[in-house]
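Next come the chains, spelled out residue by residue.
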Amino acid sequence: SDEDYISRMVENYQTQKRGRGLHETVWWYDTCRYREANGGLFTADQELTEDDIGYVTASRTRQNSDGDQSGLECPEERDYFPYWVPTLQSESWDEASQRTS
């Protein structure tokens, strides 16, 4: 719900330590948390368990099979490069490179 999202955003910004940047948004982490994991990625011998929404999401990888949250980064995006989903960061870098060239 909108209220849950807003309270998560407020909590996140309130717990930020001074002198540290926030590189991912709550919205971006939520898109990762609800995106179905890419079934073609290498998982070694890890059995990725389903999330409470009924399927394995991008928040679980072979290096993060429990889906533990570390900040607001998307584990699948972090662990597999290049990432298979267009990211906000890649779009902004493309725009920046066009402006400077």
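Scroll up a little and you will see the structure.
Since the structure is predicted, the reported quantities are computational estimates derived from the model, not experimental observations.

Undergrad: Before we go on, may I ask you to explain the overall build of the protein chain in this structure?
TA: The helix and strand inventory of the protein chain stands at four helices and zero strands. Scanning the protein chain from its N terminus toward the C terminus, one meets helices and strands in the order α-α-α-α. Split into buried and exposed, the 101 residues of the protein chain put 27% on the buried side. In the protein chain, 38% of the contacts between residues at least 6 apart in sequence involve partners at least 24 apart.

Undergrad: What exactly am I supposed to notice about the pattern of salt bridges here?
TA: Overall, the coordinates contain four salt bridges when judged by the stated rule. Across the salt bridge formed by Asp30 and Arg33, the nearest N and O atoms sit 3.5 Å from each other. Taken together, the residues span about one helical turn, with Asp30 and Arg33 both in helix H2 (residues 26-34) at a distance of three residues. In this structure Arg33 comes out as partly exposed when scored by relative accessible area, which is 28%.

Undergrad: Would you mind showing me how to read the packing of aromatic side chains here?
TA: Under the counting rule described, the total for this entry stands at zero aromatic pairs. The ring of Trp28 has Arg35 sitting right over it, with the charged end atom 5.6 Å from the ring centre.

Undergrad: Sorry if this is basic, but what is going on with the environment of Trp28 here?
TA: Take Trp28: it is sitting in helix H2. For Trp28, a relative accessible area of 4% gives the class buried.

Undergrad: So what exactly am I meant to see when it comes to the state of the cysteines here?
TA: Here is the idea: a disulfide is a covalent bond, and it sits between the sulfur atoms of two cysteines. One pass over the structure, following the stated rule, counts one disulfide. At a sulfur-sulfur separation of 2.2 Å, the disulfide partner of Cys32 is Cys74. An S-S torsion of about 70 degrees defines the bridge between Cys32 and Cys74 as right-handed. With Cys32 in helix H2 and Cys74 in the loop between H2 and helix H3 (75-79), the pair connects residues that are 42 residues apart, well separated along the chain. Like Cys32, the residue Cys74 is buried in the burial classification.

Scoring rules and cut-offs
- Residues numbered from 1 in each chain as written.
- Predicted model: local features only at pLDDT ≥ 70, side-chain atom pairs only at ≥ 80, totals over all residues.
- Heavy atoms only, no water.
- Helix = DSSP H or I, 4+ residues; strand = E, 2+ residues; numbered from the N terminus.
- Buried < 20%, exposed > 50% of the residue type's maximum accessible area, 1.4 Å probe, protein only.
- Contact = heavy atoms within 4.5 Å.
- Salt bridge = Lys/Arg side-chain N within 4 Å of Asp/Glu carboxyl O.
- Phe/Tyr/Trp six-rings, centres within 6.5 Å; stacked < 30°, edge-to-face > 60°.
- Lys NZ or Arg CZ within 6 Å of the ring centre and 35° of its normal.
- Disulfide = S-S within 2.5 Å.

In short, shape yes, function no, at least from these values alone.
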